[in-house]
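Below are the chains, spelled out letter by letter.
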Amino acid sequence: MDANSMQQGLKMLRYSSFCYSNFNPSLFSPTSSSLAASFGFSDTGLRSSKRASGGGGHLLCKTRVSAKHTTTSAYGRHEHVLVEEAPEVMEVGPSFEILPGQAFPLGVSEVENGVNFAIFSQHATAISLCLDLPSREKYDTLDGAMSEFKLDPNVNRTGDIWHICFKDLPRSNVLYGYRIDGPQDWHQGHRFDSSIVLIDPYAKFIEGRRFFGDTSKKLSEFLGTYNFDTRPFDWGDNYARPSMPEKDLVIYEMNVRAFTMDESSGLDPDIRGSYLGVIEKIPHLLELGINVVELLPVFEFDEMEFQRRPNPRDHMINTWGYSTMNFFAPMSRYASAGGGPINASWEFKTMVKALHDAGIEVILDVVYNHTNEADDEYPYTTSFRGIDNKVYYMLDPNNNAQLLNFSGCGNTFNCNHPVVMELILDSLRYWATEYHVDGFRFDLASVLCRGTDGSPLNAPPLVKAVAKDAVLSRCKIIAEPWDCGGLYLVGSFPNWDRWAEWNGKYRDDVRRFIKGDCGLKGSFATCISGSADLYKVNKRKPYHSINFVIAHDGFTLRDLVSYNFKKNEANGEAGRDGSNDNYSWNCGCEGETTDADIKALRSRQMKNYHLALMISQGIPMMLMGDEYGHTRFGNNNSYGHDTAINHFQWTQLENRREDIFRFFSKVIEFRRTHKAFRHENFLSKNDVTWHEDNWSNYESKFLAFTLHDSTGGDIYLAFNVHDFFVQVAIPSPPQNKRWFRVVDTNLKSPNDFVPDGVPGIRGTYNVAPYSSILLEAKL
């Protein structure tokens with residue numbers, strides 16, 4: 001069956017609401033019938049209405065008792081996973097009436113006849129549904145037996161979808177997973193192992209350990225669960241999404257746990273590091289002035305994955321979360337007080353609602369380029385690998401069907417396979433509708449531009465589908481336009497005039513200019529005016545450039561001006577991890593120092609970077625903690641440290657509130673109240689005057705320009721990154737206006753930013769070394 005037929009069949013059947021036990025062939029038109037045939041439907045399976053148990057009464061099923069140990073897989077490789085002891089057959093009560101079930105929707109759904117389970121696997125030969133019924137009090141381990149129900153492929157399979165329906169099954173507190181068997185042909189790409197209970201890819205909640213980083217539960221098992229008992233979340237009668245224009249956004253990249261986990265947050269220990277903790281700190285976000293939070297991954301992940309076997313990183317805890325286990329379930333250990341997955345879902349919605357009520361949008365950093373299941377040497381099989389590895393992952397047919405690794409994390413999700421693409425789209429729609437998120441930033445998005453064999457595509461189906469999808473049409477969509485396989489697409493990411501991009505060229509050129517590299521003046525001017533060289537194509541706009549100097553991976557802003565070299569030894573890889581191309585400058589001393597002159601220079605440089613970012617056309621993004629000068633002590637890849645290295649230090653914020661925080665918040669406010677920095681279209685000659693007649697001077701490190709305003713409120717800016725003063729001629733202000741100095745980063749707070757401006761600016765201004773100024777024309 002070709003991929004197009006499969007995709008059409010999936011779409012046709014997606015919204016079917018009838019059970020196949022009541023299937024009527026006449027409902028299909030000739031076209032539908034041909035699609036059904038191409039999809040591999042069986043008349044026997046569709047028409048069957050007999051119970052899977054073969055009759056009434058009790059159901060005979062297998063029960064397996066859980067155990068933890070390491071085993072050798074059918075492929076002769078060591079699988080470091082949780083496995084189960086040998087099965088025994090027993091009679092289980094109470095009995096359930098079993099129906100064949102229906103193929104759609106995938107996952108668990110409440111249907112007229114009961115609770116339906118449906119899962120895709122094209123290559124499986126046997127599937128059993130495993131249930132752990134209510135009355136459990138412990139959720140960190142599978143204590144006791146799981147009831148196992150073997151699906152009959154002649155009854156419980158429609159095409160490549162396996163399904164079963166239970167009458168009178170509890171509507172909540174049921175844990176479930178699947179055992180799946182299939183061909184044992186490693187070289188064909190199969191990795192089936194029926195000893196593992198697998199997570200449903202469409203599970204909406206994941207149950208596992210309840211407390212983040214609990215080392216006593218590092219080998220916790222994870223299973224799906226569902227909840228049809230809880231009332232719908234009340235978004236409120238007066239609730240409205242902010243729905244801000246892209247050109248007005250100011251993004252704050254942050255980590256939910258790290259934001260409030262430190263004791264200095266002053267929060268109750270039960271809500272530190274949680275979704276509810278974020279709510280408590282909304283006043284800080286408002287005072288800073290940002291209007292979008294971009295949350296590091298909040299899909300379920302196993303923060304203890306590095307500690308499942310001895311290895312150089314087994315002291316680390318995954319705090320960033322770029323290791324997705326499931327694409328629908330909110331991270332359950334971000335719930336308050338170990339509340340579990342259902343509470344996590346509720347509290348996530350509460351957080352989104354509170355942020356929206358405060359006028360702050362929510363963008364999720366999503367990881368569809370790979371999963372937590374690692375590589376073929378040390379796999380961590382929890383779901384996709386055991387369900388249908390050949391479908392869900394890109395494989396190398398020339399290397400024994402080994403996993404291709406364009407993500408740098410051991411595997412690459414097969415995003416443009418029709419089934420996988422539909423899974424991703426369903427996930428995105430679910431977060432947009434169920435959780436009301438406002439947009440998505442796609443990690444290593446160039447992976448989404450690769451075909452099933454890993455080759456680059458000019459018009460990748462998934463990227464186009466996201467751009468054109470009706471549900472996602474209101475969402476902001478942002479690509480990180482590169483991957484670890486060298487597919488660098490900054491400025492050329494397939495976009496359909498919808499996708500914005502993390503502008504890595506902006507980051508590099510702005511870093512290099514501000515630190516004083518030669519030959520960057522022209523590139524710096526291009527960056528701050530909207531990167532027209534990259535984005536002035538078709539109907540793209542300046543706001544399709546996400547401008548940033550700092551992001552979660554790499555140096556913090558303070559470390560950018562304090563370290564020439566990364567200090568990553570604590571990561572367990574002898575300092576080999578993390579980028580070596582940081583374009584940083586330590587200002588004269590490596591790391592911490594007591595030298596007053598160096599500290600003053602570092603402060604100026606941090607303010608210079610922030611000013612450049614906030615006056616640039618496009619969307620600015622800053623990193624959590626930079627507003628007070630957070631340091632990771634030179635670690636530029638701190639993903640595995642659940643400590644003060646990553647945690648927001650609220651005491652330091654208070655200590656620096658009247659200096660760097662004040663400057664940062666005032667500059668953001670100035671941007672949001674002046675349209676000159678937020679043009680809808682690229683700058684024309686009427687919008688800007690460059691005070692420069694020597695662009696080709698390689699040694700020049702000074703740039704000055706005026707942004708014009710139709711009302712006469714012009715703004716003059718100058719950046720001097722020479723190590724000497726530059727006396728610059730100030731152009732005449734518009735008629736009947738005077739120049740007022742708003743910013744001079746060479747001056748100490750509060751004179752570094754004066755909101756009303758300081759008058760008396762004459763024909764020249766002496767711009768200090770490594771400093772910048774901003775003048776505003778006013779009456």
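As the structure is a prediction and not an experimental result, all values here were calculated from the model.

Undergrad: Quick rundown of the packing of helix 9 (residues 418-434) against helix 10 (residues 461-468)? Include the residues and the values.
TA: At a minimum axis distance of 10 Å, the contact between helix 9 and helix 10 shows a crossing angle of 30°. One element, helix 9, and the other, helix 10, form an angle in the roughly parallel class. Note that helix 9 runs across helix 10; the crossing there is right-handed. Along the contact surface, helix 9 presents Met421, Ile424, Leu425 and Leu428, while helix 10 presents Pro461, Leu462, Ala465 and Val466.

Undergrad: How would you explain the nonpolar core if you had to name every residue and give the values?
TA: Ranked by size, the top nonpolar core spans 177 residues in total, and within it Phe117, Tyr252, Phe348, Leu364, Phe440 and Phe442 carry the most contacts. Those residues in contact with leucine 364, other than ones at most four positions away along the chain, are Leu295, Val298, Phe299, Phe348, Trp431, Val437, Gly439, Phe440 and Arg441. Of all hydrophobic cores here, the second largest spans 20 residues; its members include Met244, Ile363, Phe548 and Ala551.

Undergrad: Residues and numbers for the environment of glycine 491, please.
TA: Locating glycine 491 in the fold gives a position in the loop between strand 22 (476-479) and strand 23 (500-502). Residues glycine 491 and serine 545 lie 54 residues apart in sequence; the distance between their C-alpha atoms is 8.6 Å. If sequence neighbours within four positions are ignored, glycine 491 has contacts with Glu501, Leu534, Tyr535 and Arg540.

Undergrad: Go over the sheet that holds strand 17 (residues 292-295) with me, naming the residues and quoting the values.
TA: Pairing in this closed barrel of eight strands is parallel, and the strands run 16-17-18-21-22-23-24-25 around the ring. Going from strand to strand, the sheet's axes swing by 25° on average, the running direction of each strand aside. Note that strand 16 (residues 251-254) and strand 17 share four bridges and pair parallel. Residue pairing in the sheet places tyrosine 252 in a bridge with valine 293 of strand 17.

Undergrad: Which residues make up unusual backbone geometry, and what are the values?
TA: Note the cis peptide between phenylalanine 104 and proline 105, where omega equals 0°. One can find proline 105 in the loop between strand 6 (98-99) and strand 7 (107-111). Here serine 749 and proline 750 are connected by a cis peptide whose omega angle stands at 10°. Within the secondary structure, proline 750 is located in the loop between strand 30 (738-744) and strand 31 (753-758). Notably, alanine 401 is not glycine yet its phi reads approximately 60°, a positive angle. Here alanine 401 shows up in the loop between strand 19 (395-396) and strand 20 (402-403). For alanine 401, a relative accessible area of 4% puts it in the buried group. A positive phi angle, close to 55°, is found at asparagine 538, a residue other than glycine. Relative to the helices and strands, asparagine 538 is located in the loop between helix 13 (532-535) and strand 24 (545-548).

Undergrad: So what's going on with the environment of tryptophan 499? Which residues, and what values?
TA: Topologically, tryptophan 499 is positioned in the loop between strand 22 and strand 23. For the pair tryptophan 499 and alanine 479, spaced 20 residues apart in sequence, the C-alpha to C-alpha distance is 6.7 Å. When residues no more than four places from it in sequence are discounted, the contact partners of tryptophan 499 are Phe442, Val463, Val466, Ala467, Ile477, Ile478, Ala479, Phe493, Pro494, Arg540 and His544.

Undergrad: Run through the pairing of strand 12 (residues 161-166), naming residues and quoting values.
TA: Of all the six residues making up strand 12, six are buried; the element is thus mostly covered by neighbouring parts of the structure. Here strand 12 shows a buried face lined by Ile161, His163 and Cys165 and a second buried face lined by Trp162, Ile164 and Phe166. As paired strands, strand 6 and strand 12 are joined by two bridges and run antiparallel to one another. Counted as the bridge partner of leucine 99 is cysteine 165 from strand 12.

Definitions and limits used
Residues numbered from 1 in each chain as written. Predicted model: local features only at pLDDT ≥ 70, side-chain atom pairs only at ≥ 80, totals over all residues. Heavy atoms only, no water. Axes fitted to C-alpha atoms, helices over the stretch in contact; angles between N-to-C directions. Helix = DSSP H or I, 4+ residues; strand = E, 2+ residues; numbered from the N terminus. Parallel < 35°, antiparallel > 145°, perpendicular 65-115°, else oblique. Left-handed = near helix turned anticlockwise from the far one by under 90°. Contact = heavy atoms within 4.5 Å. Core = buried A, V, L, I, M, F, W, Y, C linked by side-chain atoms within 4.5 Å. Buried < 20%, exposed > 50% of the residue type's maximum accessible area, 1.4 Å probe, protein only. Pairing = 2+ DSSP bridges.

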